[in-house]
Amino acid sequence: MDILYLINSNLKFKSVIKDRLFYDQYQYCIGFHLDEVSCLRELNHQYIDVIIERRRQWREISLQRWTNAIQSNKNIITRRAKDITDENVANLHNLTNVLLRSRVDFKLVTSVSSAWIYTNDTKLIKQVSELDFLICKIYTEAKVDRPKNTIKLKDPKHRYRSYLKSVKLTDEEKTHLCNFFVNQQGHARISPALEKWMADRWHRTQDYFFVDHDDESWLVMLSLIKPSMIRKTVELIAA
């Protein structure tokens, strides 16, 4: 169930139920969108300008290639590259200034044009939230309700849950893996997504595939079929 509550009178945080704080350290997070924010992987103004210049040069090269391709009658449908404006660059520097001036501990994570700031200080969250050039803001708080490396279920039928890694398998590897899972169904529960994958033609496993089981020796047997397939194993506890 989603839980929303207020901090500093006007910020609504959504609770994220977890077995630990964000990055095992931070309670609060603000996520947002800002074009080119991945330039802030280093909070350094000179670094930002260097990366922006590289991106602008590369987009000019891409545009020229795109233009040449059209002139050569190649099947090009659209050009999705977006110009980097001076206003966009100024916004990147303004956000950097806010973070560099902060005296509290935080962690900045970026991906393309999305970013997340993790901290234990709500004043920093509020300060960032007041930057009007940031859009699609989302506020979350980690709520720890169980021991680490555990998952709560209403009525767990097994002791452990093991998640697979994302791995691309050969035809032979997938056949062996599927046969192993089929033979273990009397002793383990296969997640619906994994079960569907077993019947499909795809060969790449996904990191949300899991198997519930009771005996840790099951992992040893799996490693004999395909080594290094397990991403993590957690304990199942009753809610």
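This report concerns the structure included in the present document.

Quick notes on the rules
- Sequence positions are assigned chain by chain, starting from 1 and proceeding in written order.
- Residues qualify for local features only when their pLDDT is at least 70, as the model is predicted, and side-chain atom pairs are given and counted only at 80 or more; totals for whole chains, interfaces and linings, by contrast, use all residues.
- Side-chain numbers come from the whole structure's heavy atoms, not from hydrogens or water.
- Categorising residues by exposure relies on relative accessible area from a 1.4 Å probe, with only protein chains included: less than 20% of the type maximum marks a residue as buried, more than 50% marks it as exposed, and the intermediate range marks it as partly exposed.
- Segments assigned H or I by DSSP are reported as helices when at least four residues long, segments assigned E as strands when at least two residues long, and all are numbered from the N terminus.
- In this description, strands pair whenever DSSP reports at least two bridges between them.
- Angles here are taken between N-to-C directions and fall from 0 to 180 degrees, while the axes themselves are lines fitted to C-alpha atoms, restricted in helices to the stretch in contact.
- Should an angle fall under 35 degrees it is called roughly parallel, over 145 degrees roughly antiparallel, and 65 to 115 degrees roughly perpendicular, with every other angle called oblique.
- Throughout, a crossing is termed right-handed when the near helix is turned clockwise from the far one, and left-handed when it is turned anticlockwise from it by less than a right angle.
- The contact criterion used throughout is that any non-hydrogen atoms of two residues lie within 4.5 Å.
- Note on residue classes: Ala, Val, Leu, Ile, Met, Phe, Trp, Tyr, Cys and Pro are nonpolar, Asp, Glu, Lys and Arg are charged, and everything else, Gly too, is polar.
- When the centres of two rings from Phe, Tyr and Trp lie within 6.5 Å, Trp using its six-membered ring, the rings pair. Their planes under 30 degrees apart give stacked, over 60 give edge-to-face, and anything left gives tilted.
- For a Lys NZ or an Arg CZ to count as sitting over a ring, it must be within 6 Å of the ring centre and within 35 degrees of the ring normal.
- In what follows, salt bridge is the name for a side-chain nitrogen of Lys or Arg lying within 4 Å of a carboxyl oxygen of Asp or Glu.
- Here the nonpolar core consists of buried residues drawn from Ala, Val, Leu, Ile, Met, Phe, Trp, Tyr and Cys, with membership extended through side-chain atoms lying within 4.5 Å.

Here's the deal with the pairing of strand 3 (residues 28-33)
Moving on, step 1. For strand 3, a buried count of five out of six residues is recorded, marking the element as mostly surrounded by other parts of the structure.
Moving on, step 2. Note: strand 3 against strand 5 (residues 114-119), six bridges, orientation antiparallel. Paired with Cys29 across the strands is Tyr118, a residue of strand 5.

What about the packing of helix 4 (residues 171-183) against helix 6 (residues 217-225)?
Two numbers describe a pair of packed helices, the interaxial angle and the distance between the axes.
Moving on, step 1. Where helix 4 meets helix 6, the closest approach of the two axes is 10 Å, and the angle between their N-to-C directions is 155°. Classified by the interaxial angle, the pair formed by helix 4 and helix 6 is roughly antiparallel. Pair helix 4 / helix 6 crosses with right-handed handedness. Note on element contacts: helix 6 touches helix 4 through Trp218, Met221, Leu222 and Ile225, opposite His176, Leu177, Phe180 and Phe181.
Moving on, step 2. Class assignment for the residues of the contact of helix 4 with helix 6 results in seven nonpolar, one polar and no charged.

Focus: the packing of aromatic side chains
Moving on, step 1. By the definition in use, this model includes 10 aromatic pairs.
Moving on, step 2. Here the aromatic rings of Phe13 and Tyr139 are separated by 5.8 Å at their centres, their planes lie at 45°, and the arrangement is tilted. Taken together, the positions of Phe13 in strand 2 (residues 11-18) and Tyr139 in strand 6 (residues 135-144) put the pair 126 residues apart, joining distant regions of the chain. Each member of the pair, Phe13 together with Tyr139, is buried.
Moving on, step 3. Here Trp197 and Phe209 contribute two aromatic rings whose centre-to-centre distance is 6.0 Å and whose plane-to-plane angle is 50°, an arrangement assigned as tilted. Pair noted here: Trp197 is in helix 5 (residues 192-199) and Phe209 is in the loop between helix 5 and strand 10 (210-213), with a separation of 12 residues, a long-range link.
Moving on, step 4. For Trp197, a relative accessible area of 3% puts it in the buried group.
Moving on, step 5. Here a set of aromatic residues connected by ring pairs shows up, and it is made of Phe13, Tyr28 and Tyr139.
Moving on, step 6. Geometry around Phe210 places Arg161 over its ring, the cationic atom sitting 3.8 Å from the centre.
Moving on, step 7. The ring of Trp197 carries the charged tip of Lys174 above its face, separated from the ring centre by 4.4 Å.

Points about the pattern of salt bridges
Moving on, step 1. Scanning the entire structure with this criterion turns up 13 salt bridges.
Moving on, step 2. Glu141 serves as the salt-bridge partner of Lys143, at 3.9 Å between the closest nitrogen and oxygen.
Moving on, step 3. When its relative accessible area of 4% is taken as the criterion, Glu141 is described as buried.
Moving on, step 4. The salt bridge partner of Lys196 is Asp200, with a shortest N-O separation of 3.1 Å.
Moving on, step 5. A single salt-bridge network, built from bridges that share partners, covers Glu36, Arg55 and Arg59.

Details of the environment of His213
Moving on, step 1. Turning to its location among the elements, His213 is positioned in strand 10.
Moving on, step 2. Sequence separation of His213 and His158 is 55 residues, and the distance between their C-alpha atoms is 5.3 Å.
Moving on, step 3. Among residues more than four places away in sequence, those in contact with His213 are His158, Arg159, Tyr160, Ser162, His187, Ala188, Trp218, Leu219 and Thr233.

Regarding the nonpolar core
Moving on, step 1. Core analysis: the largest hydrophobic core is formed by 29 residues, its most contacted members being Phe32, Leu34, Leu95, Leu99, Ile117, Val128 and Leu134.
Moving on, step 2. Mapped by element, the contributors of at least two residues to this core are strand 2, strand 3, helix 1 (45-71), helix 2 (86-101), strand 4 (106-111), strand 5 and helix 3 (122-129).
Moving on, step 3. With five residues, helix 2 is the single largest residue contributor to this core.
Moving on, step 4. With sequence-adjacent residues up to four places away left out, Leu95 is seen in contact with Phe32, Leu34, Val37, Leu40, Leu131, Phe133 and Leu134.
Moving on, step 5. If you look at the next biggest cluster of nonpolar residues, it comprises 17 residues, including Phe180, Ile190, Leu194 and Leu222.

Topic: the sheet that holds strand 10
Moving on, step 1. Strands sit in the order 7-11-8-10-9 across an open sheet of five strands; the sheet is mixed. Each having just a single partner strand, strand 7 (150-153) and strand 9 (188-190) make up the two edges of the open sheet. Neighbour-to-neighbour, the strand axes of the sheet open up by a mean angle of 30°, direction not taken into account.
Moving on, step 2. Here strand 7 pairs with strand 11 (residues 230-238) via four bridges, running parallel. In the sheet register, Leu153 faces strand 11, and the bridge partner there is Ala238.
Moving on, step 3. The sheet contacts of helix 5 involve strand 8 (160-164), strand 9 and strand 10, and relative to strand 9 the element is tilted by about 70°.

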